[in-house]
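Each chain, written out:
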Amino acid sequence: MAMQAAEIERLIKAALPDASVEIRDLAGDGDHYAATVISPAFRGKSRVQQHQIVYKALQGRMGGELHALALTTAAPQD
Amino acid sequence: MTDAQSVIDKAVKSNDVMLFMKGTPQFPQCGFSSQVVQILDYLGVPFESMNVLADADIRQGIKEYANWPTIPQLYIKGEFVGGCDIVREMFQSGELASHLTEAGIVCSQPAKAS
């Protein structure tokens, strides 16, 4: 089971159209990625809430099809 | 509430620091779980742990409990703090140590990675 970086980016952007998304492949196995997601939608939200928004965008693939996604999230600097 | 949910709820509420992980602190079976154990050990924080690999119902139940799809999961005073990414980020910024201190939990080591 694996995912392509472009698919991860597509899913996140579908849920967060105004987000900037950077995906790095950590292991080349389609299972271990790092992602940095910057979106105004995160403003005022805790880290847990921000990550939950991204996990929701991935529609249940997190922890299953996608084993590891090292997430960094933030709202854009004003 | 299912059996698994009540076991999880009891563990979360009766331990100041509760870590749901893959494996045990002595023998972690996942790099991410191992990282959180190392951080808690570095801070000298006493914690209780539960090996989700030992019980499939707990492994699935914990994901529903916190609406969080991955393991490990760290709870402090009954509140979900985060998985490996968030715990490491909080540790590196010193936020984890202050969060623990504010919760009345003694850390016997320095607050931040030097």
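Here, every reference points to the structure presented above.
A few points on the structure.

Reading the values: the criteria
- Residues numbered from 1 in each chain as written.
- Chains lettered and ligands numbered in written order.
- Predicted model: local features only at pLDDT ≥ 70, side-chain atom pairs only at ≥ 80, totals over all residues.
- Heavy atoms only, no water.
- Contact = heavy atoms within 4.5 Å.
- Buried area = accessible area lost by both parts, 1.4 Å probe.
- Salt bridge = Lys/Arg side-chain N within 4 Å of Asp/Glu carboxyl O.
- Polar contact = N/O pair within 3.5 Å; in protein donor to acceptor, adjacent residues only side chain to side chain.
- Helix = DSSP H or I, 4+ residues; strand = E, 2+ residues; numbered from the N terminus.
- Nonpolar A, V, L, I, M, F, W, Y, C, P; charged D, E, K, R; others polar.
- Disulfide = S-S within 2.5 Å.
- Buried < 20%, exposed > 50% of the residue type's maximum accessible area, 1.4 Å probe, protein only.
- Pairing = 2+ DSSP bridges.

Re the interface of chain A and chain B
- Contacts between the two partners involve 12 residues from chain A and, on the opposite side, 15 residues from chain B.
- Both sides of the chain A and chain B interface together cover about 1,200 Å² of buried area, and 58% of this is carbon and sulfur.
- When the buried surface of chain A facing chain B is broken down by residue, A:R47, A:V48 and A:Q52 rank first, second and third, together holding 46% of it.
- At the surface where chain A touches chain B, the tally comes to 2 salt bridges.
- The salt bridge involving B:E89 is made with A:R47; its shortest N-O contact spans 2.9 Å.
- Connecting chain A to chain B are 5 residue pairs in polar contact (both at pLDDT 80 or more).
- At the level of elements, α2 (47–57) and β3 (68–74) of chain A are the ones that each hand at least two residues to the side of chain A that touches chain B.
- If one sorts the elements of the side of chain A that touches chain B by residue count, α2(A) sits on top with 5 residues.
- Classifying every residue of the side of chain A that touches chain B gives 7 nonpolar, 4 polar and 1 charged.

Quick notes on the state of the cysteines
Residues and elements named next belong to chain B.
- Counting across every chain of the model gives 0 disulfides over all chains.
- C30 carries a free sulfur, and the closest cysteine sulfur to it, the one in C84, is 7.7 Å from it.
- Residue C84 is classed as buried on the basis of its relative accessible area, which comes to 6%.

Observations regarding helix α3 (residues 56–65) of chain B
Residues and elements named next belong to chain B.
- All of the buried residues along α3 are I58, G61, I62 and K63.
- Buried-residue contacts for α3 involve α1 (3–14), β1 (17–21), β2 (48–51) and β3 (73–76).
- Where α3 begins, one side-chain oxygen reaches toward the backbone nitrogen of D57, 2.8 Å away; that side chain belongs to D55.

A word on the pairing of strand β1 (residues 20–25) of chain A
Residues and elements named next belong to chain A.
- Bridge count for β1 against strand β2 (residues 32–38) is 6 bridges, and the pairing is antiparallel. Each residue of the ladder has a partner; that of R24, found in β2, is A34.
- In this antiparallel pair of consecutive strands, β1 and β2, the connection spans 6 residues, and G28 shows a positive phi of 75°.

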